[in-house]
Protein chains: 2
Amino acid sequence: MKYIEKLRNSGLRPTKQRLQICEVLFNTERTFHFTINDLERKIKDKIDNKISLATIYNTVHAFEKKGYLKQIPINSNQIYFDTNITDHHHFYNLKDGKLIDLENSDVGPINIKRKIDGKKIKSIEVLVKLED
Amino acid sequence: MKYIEKLRNSGLRPTKQRLQICEVLFNTERTFHFTINDLERKIKDKIDNKISLATIYNTVHAFEKKGYLKQIPINSNQIYFDTNITDHHHFYNLKDGKLIDLENSDVGPINIKRKIDGKKIKSIEVLVKLED
DNA sequence: ACAGCTATTTAGAACCATTATAAACTGTAA
DNA sequence: TTACAGTTTATAATGGTTCTAAATAGCTGT
């Protein structure tokens, strides 16, 4: 299994549930955005056994902490995650709530002129809201 | 009262509760960020009567819809609002969860090169996460 | 292969911010 | 002042997320 080493190297035991969630999240042609609810449905569709909702939450948080997933900063009643962990931004379609990736090259370089003492920039995330 | 006309002009009846919330939100030297919980405490401190939590929610949403408040796009268990409705961005201190305004002039112009058919850009919001 | 230990999974309960409800109240226009 | 739509209110309901504690599974040393 291709994800066993990845998990072990992160200090996560490669359990059956985690490996199955890896398949759903990472064994795809394209990266994608999802909520826990979306992921729960995808898992139900793809695998025959059941994975508890608590495990899905635990795993997603573990993967996020290890840097295999990113949260998308957006106000919604649910948290949106992204399997695309490269540096990039998002369009947010206000009409239907859909997110679209904006590659870093689609956005000119962002120059933050102000500095905060003793702090360094961890990430810069741009949300571009779209309307009709 | 200075807020009566403002409310009437927006089609909102200038009720006692709304006027008092206006005082707390807008009769200040500086703009600020708040959650509903923060606002509830501020109101308790500043006025002697009680305003129902439901009214605080209703009013904040009404003001947001009218453009007197903005939500700050950030993942948190609570929604953050901003009384600064000018075009600007935010630093987000991961250590303590505090937000700091970044004036538009503190950020170089942002050039979104990609277009989405039939959509126009409503806003561009940048969140700069800070770590030690 | 087994024992023993810790990490993980699980169902269900708990939590808590937010929204819905429906009855009482209030601003406003005639 | 009346009538009506808009507001406020306490409280219940909702729903995403986290907690709990018991059962299970991966791992290490023997």
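Residues numbered from 1 in each chain as written. Chains lettered and ligands numbered in written order. Predicted model: local features only at pLDDT ≥ 70, side-chain atom pairs only at ≥ 80, totals over all residues. Heavy atoms only, no water.

Topic: the environment of Tyr68 of chain A
Residue position: Tyr68 of chain A is located in the loop between α4 (53–66) and β2 (70–72). Between the alpha carbons of Tyr68 of chain A and Phe26 of chain A there is a distance of 9.1 Å; along the sequence they are 42 residues apart. (Helix = DSSP H or I, 4+ residues; strand = E, 2+ residues; numbered from the N terminus.)

Details of the confidence of the model for chain A
Low-pLDDT stretches of the model should not have their predicted coordinates read in fine detail. Of all residues in chain A, 99% attain a pLDDT of 70 or more, and the chain-wide mean is 94. Within chain A, α4 of chain A carries the highest mean pLDDT (98), whereas strand β6 (residues 120–131) of chain A carries the lowest (93). (pLDDT = per-residue confidence, 0-100.)

As for the sheet that holds strand β4 (residues 88–93) of chain B
Taking strand neighbours across the sheet as the criterion, the six strands line up as β5(A)-β4(A)-β6(A)-β6(B)-β4(B)-β5(B) in an open arrangement whose pairing is mixed. Where the open sheet ends on each side, the last strands, each with one partner, are β5 (99–103) of chain A together with β5 (99–103) of chain B. Looking at each pair of strands side by side, their axes are set apart by 25° on average, direction ignored. Sheet topology note: the strand β4 (residues 88–93) of chain A/β5 of chain A ladder contains five bridges and is antiparallel. Along β5 of chain A, the bridge assignment pairs His90 of chain A with Asp101 of chain A. (Pairing = 2+ DSSP bridges. Axes fitted to C-alpha atoms, helices over the stretch in contact; angles between N-to-C directions.)

Some details on the packing of aromatic side chains
Here a ring pair, both rings aromatic, is described through the centre-centre distance and the interplanar angle of the planes. All told, the structure shown has ten aromatic pairs over all chains when counted by the stated rule. With a centroid separation of 6.4 Å and an interplanar angle of 50°, the aromatic rings of Tyr3 of chain A and Phe26 of chain A are classed as tilted. Remark: Phe26 of chain A occurs in helix α2 (residues 16–26) and Tyr3 of chain A occurs in the segment before α1 (4–9); sequence separation between them is 23 residues. Judged by its relative accessible area of 18%, Phe26 of chain A is buried. Where Phe34 of chain B meets Phe81 of chain B, the ring centres are 5.6 Å apart and the plane angle is 25°; that geometry is what we call stacked. You can see Phe34 of chain B sitting in strand β1 (residues 33–34) and its partner Phe81 of chain B sitting in strand β3 (residues 80–82), a full 47 residues away along the chain. Across this residue pair, the class does not change: Phe34 of chain B and Phe81 of chain B are buried. Aromatic rings pair up to connect Tyr3, Phe26, Phe63 and Tyr68 of chain A into one cluster. The ring of Phe26 of chain B is capped by Lys6 of chain B, whose NZ or CZ atom sits 4.1 Å from the centre of that ring. (Phe/Tyr/Trp six-rings, centres within 6.5 Å; stacked < 30°, edge-to-face > 60°. Buried < 20%, exposed > 50% of the residue type's maximum accessible area, 1.4 Å probe, protein only. Lys NZ or Arg CZ within 6 Å of the ring centre and 35° of its normal.)

Some details on the protein's contact with DNA strand D
Surveying the vicinity of DNA strand D reveals 22 residues, the closest of which are Tyr57 and His61 of chain A together with Thr15, Gln17 and Thr55 of chain B. A share of 73% of the atoms of DNA strand D within 4 Å of the protein falls on sugar and phosphate groups. Between a phosphate oxygen of DNA strand D and a main-chain N or O atom of Ile79 of chain A, the distance comes to 3.0 Å. Residue Thr55 of chain B places a side-chain N or O atom 2.9 Å away from a phosphate oxygen belonging to DNA strand D. Counting only elements with at least two residues in the surface near DNA strand D, the list comes to α4 of chain A together with α2 (16–26) and α4 (53–66) of chain B. Its residues assigned to classes, the surface near DNA strand D shows eight nonpolar, nine polar and five charged. (Near = heavy atom within 4 Å. Polar contact = N/O pair within 3.5 Å; in protein donor to acceptor, adjacent residues only side chain to side chain. Nonpolar A, V, L, I, M, F, W, Y, C, P; charged D, E, K, R; others polar.)

Considerations on the pattern of salt bridges
Within the structure shown, the criterion is met by ten salt bridges over all chains. Residues Glu125 of chain A and Lys129 of chain B are paired through a salt bridge, measuring 3.4 Å at the closest nitrogen-oxygen approach. Residue Glu125 of chain A is found in strand β6, and its partner Lys129 of chain B is found in strand β6 (residues 120–131); the two belong to separate chains. For the pair Glu125 of chain A and Lys129 of chain B, one class covers both residues: buried. The salt bridge involving Arg8 of chain B is made with Glu5 of chain B; its shortest N-O contact spans 3.4 Å. Of the two residues, Arg8 of chain B and Glu5 of chain B both sit in helix α1 (residues 4–9), three residues apart, roughly one turn of that helix. Overlapping salt bridges, with partners in common, bring together Lys95 and Asp132 of chain A together with Lys119 of chain B in one network. (Salt bridge = Lys/Arg side-chain N within 4 Å of Asp/Glu carboxyl O.)

Remarks on the pairing of β6 of chain A
The pairing of β4 of chain A with β6 of chain A spans four bridges and is classified as parallel. Looking at the pairing, His90 of chain A lines up with Leu127 of chain A of β6 of chain A. Where β6 of chain A and β6 of chain B come together, eleven bridges link them in antiparallel fashion. When the sheet's bridge partners are listed, Ile121 of chain A is paired in β6 of chain B with Leu130 of chain B.

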